[in-house]
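For reference, the chains in residue letters:
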Amino acid sequence: MASSEDTHDWEGRYYHIDQILDTPGPRTDEAFLAGDGVKNFLRKEAKILVIGAGGLGCEILANLALTGFKDIHVIDMDTIDISNLNRQFLFRPKDVGKSKAIVAAEFIMNRVPGVKVSPYFGKIQDKDDAYYLQFNLVICGLDSVEARRWMNATLVNLVDPENPESLKPLIDGGTEGFKGQARVILPTITSCYECSLDMLNKPTAFPICTIANTPRLPEHCIEWASVLEWPRVHGDKKMDTDNPDDISWLYSVAAARAKEFKIEGVTWSLTQGVVKNIIPAIASTNAIIAASCCNEAFKIATSSAAYLNNYFMLIGTEGIYSYTFEHEKRDDCPVCGGEALELSISPDTTLEELIEMLTERQDIQIKNPSLSTSTKQLYLRAPPQLEEATRPNLQKKLPELLGPSGGELNVTAGTLPFSATVIIKFTT
Amino acid sequence: MIKIWSMKKNEDAASKKKPKTSAAQIRVQKDLTELDLPSTMKTHFPDPTDLLNFTLTITPDEGMYQGGAFNFSFAINTNYPHDPPKVKCTQTIYHPNVDLEGNVCLNILREDWKPVLNLNSVMVGLQYLFLEPNADDPLNKEAAQEMSKNRDQFLTHVKSSMRGSNIKGVQYTSVLVLVIVALVSSFRCHIVAVSVYPFIPSYLLIESRIHIHALRSCND
Amino acid sequence: MHESQTVERLTTSLEPPSGAPDAKTRRYDRQLRLWAASGQAALRICSHFGHFTLLDSRKVTGADAGNNFFLDGLKSVGKSRAEEAVNGLRELNDGVQGVADTRDIKQVLSSQKDWLKTFDVVVAHNAHPDIIDDLAALLWPETHLLIESHSETAASLRIDKAFPALLEYAMSLPLDTMDITDHAHIPYPVILVRALEEWRRERQQATGAPSTSDEKKAFKERIRKMMRKFDEENFEEAEAQAWRCWTPTVVPSEIQQLFTLYSSSSSSPSSFPALVSALSQFAQNNPASPQYTSGLLPLTSGLPDMKSSTEAIQAEKKVFKEYLSKDVDDASCGYVPQKCACVEGSERERVERNQPGIKGANKLSMQPRETATHLALAAVRFSVGQSARAPSADIPTTAAFLGGLVAQEVIKMITKQYVPISAGDAASSGDGELGVCVVDLVETWTGVI
């Protein structure tokens, strides 16, 4: 029996996992503490956050629980829809309408004794840095680019060079039909989500003139209804793509349009798919990608084996094809690229003097910079109206603009790859 | 544990952190402060602290739309530059590639948008529509048909729509730039003409709103 | 205005939400978008999804209970592994019937082989290689047929062998005098057919196409010169697609193989061989294009989207469709009844719609163990990759990864859609042999050998 005193553990429970944890392998990191050291960390100390309790999230939670993580947190703002039931196997028809995070957490705790899953039914944006700092690592099983960008930027910004604990590995999974990808991001060290933003497939968009005048596909008719007719008829009222009545309205308008142009194939389901940009999803692909994400989490948390560096792509439409490669970090990445500069200066320094200091520095090429904080613009070179509006700030002293304890400035300039961060501290 | 972690926890690391700036916000700052616009295009920010919502005025200095001032609203969301900016014409204008609702047919605003493009490319693209309207990709089909079948009639419609006429039941917005020509001699200044742009040399053209203001004082 | 009237009429005459799918369709919505109703029907008919049997003679150990999400922890220990797991699985979806069977696979293989044959798919995992070999020899069918490969390669438009109606339509267009807007909306296949035919007439030949690189360059230049304005996108499209003129339309090798396979097909419970045979006869003696006699399949129904006006594409589709239905009628009515009196309509349609995507995976010629079932076994071994370190470790993430891969393959086989794993490069599945997938979850990669 493992050394764990957990009352829920039974003879042989971790028979399989412990074979890995008791012996180093040929490629195991030196820091690996075979035996009780690593088991105690995994089962008693490690705290892991799962973002999303959907198709990937359900699989991720089950895998983590079986692997031996015992303190798992999960965030999801969605409620359960009937179309989730084909693959989100922690949910049943009776759960439709309830919080995904809460139902998933309860299911896991019932099935895998001794595991604590703490759900949060809400947005990732509701939580502050202190919340995210408590975890050892984060796994994302999301379907939204925006949420991923937010989570990625949050974890990159969390990194404090003086505190190694502030670096939280981020493991990100995504699927589309028979295709999927998993990646490991070590914020500020390896390529981040934002670095690869231009690799994303963008949703199919059709020229608006085609939609307006020369529709040829059923999708053209549906976009006519949603892009042109909806705002024209409903004005500012926002379309709710989760509301069946709105979809039905779009479907009827699109179907009439299709009839007029003798186009076949407009259906309710296609209408919903086009306006919600529904990505087809199946359980098997989710299982593969979630397993891959959890496997990386396990290896990173235990140091029991080398981990993915840093991008794994799977294409199951024709045979099983996969591609593992290192995505390169980008210097001009808006999130993890660019220099960070710490300045200790007198609280009597004006903004104009600061700009002069920055321009004169040799180690970082800044010509004609524009500066802002996360909440306001301090000085923008252009356009003229904004220059005029921010010009009075030039004569102000920095504490007046940043507060008495200083703060972070975002600096952009044509000479920088993207931007630089300047951290101002005041000498007393 | 992989090496980047030490086993020891640092409890109070969180307290000093500032709320962060979104990548979209910094990118917009970069795009705007590095705009390289000709004198025919001007931005206006109703709220100068909000960089995500503003208008662009295009005053073409050549072509059939010369003399007009065309306004577009820009709305940028927090998923920029993954998502393109949302651009609409805020006036009712007669143009083959702009419909009466203000929708604009410009490829880089939809199907051909990519994150490497920026606000400058969108603005230059919009101006191009006024220099070279494209009848083959119509959004206002009637205008496009007129343009390709009866160019003289089309030009007449363009001119009268710009004056704010009603054509075939559609009331167009008057977009003409009002210009006041002031003759300035050593001590005196008097207004000699109030007219519309095409008859005034372009070097006298200054921002229209200033002159509307001047016009009012003249009437007084 | 005309448009607003249309919408007003529409919005006032709107019926209450209509066309919205039923609960079952909504439940399977995200997968229906991949393989449509035909694939879903195949899943439901087949035993794996409408009905599954779990064969396992062993009892649940502590290690099993710690490793399998569908066992009920300590409560399951000591009970039948098949029964406990089926209970957990059955609870997933009440539309699926699950049966636990506690017999030993060795016993079944020796005395109840026919029972195994009643299943559409048999998945074996962690089984002794001898058992895998026996299973493979028993079960592996001669051919796995794939009807909808969802191939991303473009369908043939048969530009080089245009059917008479299309040729006539292309030649009838008054290119120099027609309305300039209409000119900018001629679909590119029509432009290509026109350009090629003009090229042939200049040379007074009925067939042939540019072949040298100079000829090809000149041909593209010819298309460019047909533009009446500098930016006519449809002509740019035509120029980009000019390769279609000198790419001869032939029967793809995979389908040619099927023809050989079914040349003497006698009686079969499935209508598929009859359809293949009909296709074969059609290709050998295409009555609709006598001047090009043989070597052509019926046209596919899907036209790719292209720059054109609604009217122009409608006209093109009409010409295409009339010809298509003629082709299809010739292919099916002409030949099928002789072979098989009862051809199911929907399957016929699927075969005809997708015939360029039909692929056959032949019986494995190397060793019987190279089956999809072996996929799981080989992968488990390689994945751990460190057999000295963990000789019998079956860690949950590796198992889930493989389970997912196997499930993908099973789905592809049952729905007869998409392409299952094959030997060699995924892209060159022409040899039709199934392959073995190896997975390394240390550095996280997969490969097919």
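Quantities reported herein were computed from a predicted structural model and do not represent experimental measurements.

### Considering the overall build of chain C
- Tallying secondary structure elements over chain C gives 20 helices and six strands in all.
- Scored against the burial criterion, the 449 residues of chain C give a buried share of 51%.
- Taking the intrachain contacts of chain C between residues at least 6 apart in sequence as the baseline, contacts between residues at least 24 apart amount to 68%.
- As displayed, chain C offers around 21100 Å² of accessible surface, 53% of which is attributable to carbon and sulfur atoms.

### Describing the interface of chain C and chain B
- Facing nine residues of chain C, the contacting portion of chain B comprises five residues.
- The salt bridge partner of lysine 149 of chain B is aspartate 179 of chain C, with a shortest N-O separation of 3.5 Å.
- Linking chain C with chain B are two residue pairs in polar contact (both at pLDDT 80 or more), by the criterion used here.

### Examining the pattern of salt bridges
- As enumerated under the stated definition, the model contains 38 salt bridges over all chains in all.
- In this structure, the salt-bridge partner of lysine 70 of chain A is aspartate 9 of chain A, at a minimum N-O distance of 3.2 Å. A residue pair is termed long-range when its members are at least 10 positions apart, and lysine 70 of chain A in the loop between α3 (55-67) and β2 (71-76) and aspartate 9 of chain A in the segment before α1 (15-22) qualify at 61 residues.
- With relative accessibility at 6%, the residue lysine 70 of chain A sits in the buried group.
- With a closest N to O distance of 2.8 Å, arginine 194 of chain C and glutamate 198 of chain C form a salt bridge. Of this pair, arginine 194 of chain C and glutamate 198 of chain C both sit in helix α12 (residues 188-202), four residues apart, roughly one helical turn.
- Judged by its relative accessible area of 11%, arginine 194 of chain C is buried.
- Three or more residues joined by partner-sharing salt bridges are found here, namely Arg194, Glu198, Glu202, Arg203 and Arg222 of chain C.

### Re the interface of chain C and chain A
- Contact residues are listed per partner, giving 83 residues for chain C and 93 residues for chain A.
- Around 7600 Å² of area is buried between chain C and chain A when both sides are counted, 59% of it from carbon and sulfur atoms.
- For the pair chain C and chain A, the number of links is two salt bridges.
- Across the pair arginine 111 of chain A and glutamate 91 of chain C runs a salt bridge whose closest N-O atoms are separated by 4.0 Å.
- For the interface between chain C and chain A, the tally reads 15 residue pairs in polar contact (both at pLDDT 80 or more).
- The set of elements that each furnish at least two residues to the side of chain C that touches chain A consists of α1 (2-12), α2 (23-27), α3 (29-45), α5 (62-67), α17 (310-339), α20 (396-415), β5 (437-440) and β6 (445-448) of chain C.
- Sorting elements by how many residues they give to the side of chain C that touches chain A places α20 of chain C first, with eleven residues.
- Here the residues of the side of chain C that touches chain A sort into 40 nonpolar, 23 polar and 20 charged.

### Here's the deal with the sheet that holds strand β3 (residues 70-75) of chain B
All names here are of chain B.
- Here four strands make up an open sheet; going across it, the order is β1-β2-β3-β4 and the pairing antiparallel. The strands lining the two open edges of the sheet, one partner per strand, are β1 (41-44) and β4 (86-89). This sheet shows a mean twist of 25° between the axes of neighbouring strands, independent of strand direction.
- Pairing analysis gives four bridges linking β1 to strand β2 (residues 53-58), with the strands arranged antiparallel.

### Section: the UniProt feature "active site" (unreviewed entry) in chain A
- UniProt marks Cys209 of chain A with the feature "active site" (unreviewed entry), using the numbering shown here.
- With respect to the secondary-structure elements, cysteine 209 of chain A resides in helix α7 (residues 208-213).
- Discounting chain neighbours no more than four positions away, the residues touching cysteine 209 of chain A are Thr214 of chain A together with Cys105, Asp137, Pro138 and Leu139 of chain B.

### Some points on the pairing of β2 of chain B
Residue and element names in this part refer to chain B.
- Taking every second residue as pointing to the same face, the buried face of β2 carries Phe54, Leu56 and Ile58, while none of Asn53, Thr55 and Thr57 on the other face is buried.
- Pairing of β2 with β3, which is carried by six bridges, proceeds in the antiparallel orientation. Across the sheet, phenylalanine 54 pairs through a bridge with phenylalanine 74, a residue of β3.

### What about the state of the cysteines?
- By the definition in use, this model includes one disulfide over all chains.
- Disulfide pairing is shown between cysteine 209 of chain A and cysteine 105 of chain B; the S-S distance is 2.3 Å. Taken together, the residues span two chains, with cysteine 209 of chain A in helix α7 and cysteine 105 of chain B in the loop between β4 and α2 (119-131). Here cysteine 209 of chain A matches cysteine 105 of chain B in class, with each residue buried.

### Some thoughts on the packing of helix α8 (residues 218-234) of chain A against helix α10 (residues 268-275) of chain A
All names here are of chain A.
- In contact at an axis separation of 10 Å, α8 and α10 are set at 65° when each is read in the N-to-C sense. In this structure, the crossing between α8 and α10 has a hand that is right-handed. In this structure, α8 contributes Pro218, Glu219, Ile222, Glu223 and Ser226 to the contact, and α10 contributes Leu270, Thr271, Val274 and Val275.
- Tallied by class, the residues present in the contact of α8 with α10 amount to five nonpolar, two polar and two charged.

### Observations concerning the environment of alanine 291 of chain A
- Position of alanine 291 of chain A among the secondary structure elements: in helix α11 (residues 283-302).
- The buried category is assigned to alanine 291 of chain A, whose relative accessible area is 0%.
- In the structure, alanine 291 of chain A is positioned 228 residues away from asparagine 63 of chain A in sequence and 6.7 Å away in space, judged by C-alpha atoms.
- Every residue in contact with alanine 291 of chain A, bar those within four places of it in the chain, is listed here: Asn63 of chain A together with Thr397, Ala400 and Phe401 of chain C.

Conventions adopted
Residues numbered from 1 in each chain as written. Chains lettered and ligands numbered in written order. Predicted model: local features only at pLDDT ≥ 70, side-chain atom pairs only at ≥ 80, totals over all residues. Heavy atoms only, no water. Helix = DSSP H or I, 4+ residues; strand = E, 2+ residues; numbered from the N terminus. Buried < 20%, exposed > 50% of the residue type's maximum accessible area, 1.4 Å probe, protein only. Contact = heavy atoms within 4.5 Å. Areas by Shrake-Rupley, 256 points an atom, 1.4 Å probe, with all protein chains shown as cover. Salt bridge = Lys/Arg side-chain N within 4 Å of Asp/Glu carboxyl O. Polar contact = N/O pair within 3.5 Å; in protein donor to acceptor, adjacent residues only side chain to side chain. Buried area = accessible area lost by both parts, 1.4 Å probe. Nonpolar A, V, L, I, M, F, W, Y, C, P; charged D, E, K, R; others polar. Pairing = 2+ DSSP bridges. Axes fitted to C-alpha atoms, helices over the stretch in contact; angles between N-to-C directions. UniProt positions renumbered as here; feature names shortened; annotations may be inferred. Disulfide = S-S within 2.5 Å. Left-handed = near helix turned anticlockwise from the far one by under 90°.

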